[in-house]
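What follows is each chain in one-letter form.
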Amino acid sequence: MMLKINQDHCLGCGACVIVCPINQQICPEITGGNGPDTTDVIMLVENGIIKLFHPEKCNECLICNTTCPTKAIYHGDK
Ligand code: SF4
Ligand code: SF4
């Protein structure tokens, strides 16, 4: 399963970016509400749009999906 984003449903709120434990390990500053300043993270919001940078780092914990208000971030086969 791969991490996916349905851009039609994403609000650009950034909640998924902040709650992701892997993102927090890579960029601890995000837990303080600051946007990650590195594209080493799995995903971040740029110009109001969520972008995937390193989906391969995802451990499929599903916390982002649980947190996302619209379930725009999810795991799918393709
Ligand atoms: S499922 Fe992947 S991207 Fe989502 S919070 Fe967990 S590690 Fe992060
Ligand atoms: S995928 Fe969901 S939680 Fe992440 S920025 Fe978009 S709406 Fe917010």
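The structure we're discussing is the one just above.
A brief structural summary. None of the values given here were measured: they were computed from a predicted structure.

### Examining the pairing of strand 3 (residues 49-52)
Along a regular strand, successive side chains alternate from one face of the sheet to the other.
Right, on to step 1. Note: strand 2 (residues 43-46) against strand 3, 4 bridges, orientation antiparallel. The residue bridging Val45 from the neighbouring strand is Ile50, located in strand 3.

### Focus: the environment of Asp37
Right, on to step 1. Structurally, Asp37 can be placed in the loop between helix 2 (21-26) and strand 2.
Right, on to step 2. Under the relative-accessibility criterion, Asp37 is labelled exposed at 65%.
Right, on to step 3. Note: C-alpha distance between Asp37 and Cys27 (10 residues apart in sequence) is 7.9 Å.
Right, on to step 4. In this structure Asp37 touches Cys27 and Glu29, once residues within four positions along its chain are discounted.

### Some thoughts on the site of ligand 1
Right, on to step 1. Near ligand 1 there are 13 residues, and of these Cys20, Cys58, Asn59, Cys61 and Cys64 occur at the shortest range.
Right, on to step 2. When its residues are assigned to classes, the shell around ligand 1 shows 10 nonpolar, 2 polar and 1 charged.

### With respect to the site of ligand 2
Right, on to step 1. Taken together, Cys10, Leu11, Gly12, Cys13, Gly14, Ala15, Cys16, Cys68, Pro69, Ala72 and Ile73 form the complete shell of residues around ligand 2.
Right, on to step 2. Residues of the shell around ligand 2, tallied by class, amount to 9 nonpolar, 2 polar and no charged.

### Digging into unusual backbone geometry
Right, on to step 1. For Asn47, which is not glycine, the phi dihedral falls at a positive 55°.
Right, on to step 2. Along the polypeptide, Asn47 turns up in the loop between strand 2 and strand 3.
Right, on to step 3. When its relative accessible area of 78% is taken as the criterion, Asn47 is described as exposed.
Right, on to step 4. Phi at Lys71 is positive, roughly 55°, even though this residue is not glycine.
Right, on to step 5. For Lys71, the position within the fold is in the loop between helix 3 (63-67) and strand 4 (73-76).

What counts, and at which threshold
Residues numbered from 1 in each chain as written. Chains lettered and ligands numbered in written order. Predicted model: local features only at pLDDT ≥ 70, side-chain atom pairs only at ≥ 80, totals over all residues. Heavy atoms only, no water. Pairing = 2+ DSSP bridges. Helix = DSSP H or I, 4+ residues; strand = E, 2+ residues; numbered from the N terminus. Buried < 20%, exposed > 50% of the residue type's maximum accessible area, 1.4 Å probe, protein only. Contact = heavy atoms within 4.5 Å. Near = heavy atom within 4 Å. Nonpolar A, V, L, I, M, F, W, Y, C, P; charged D, E, K, R; others polar.

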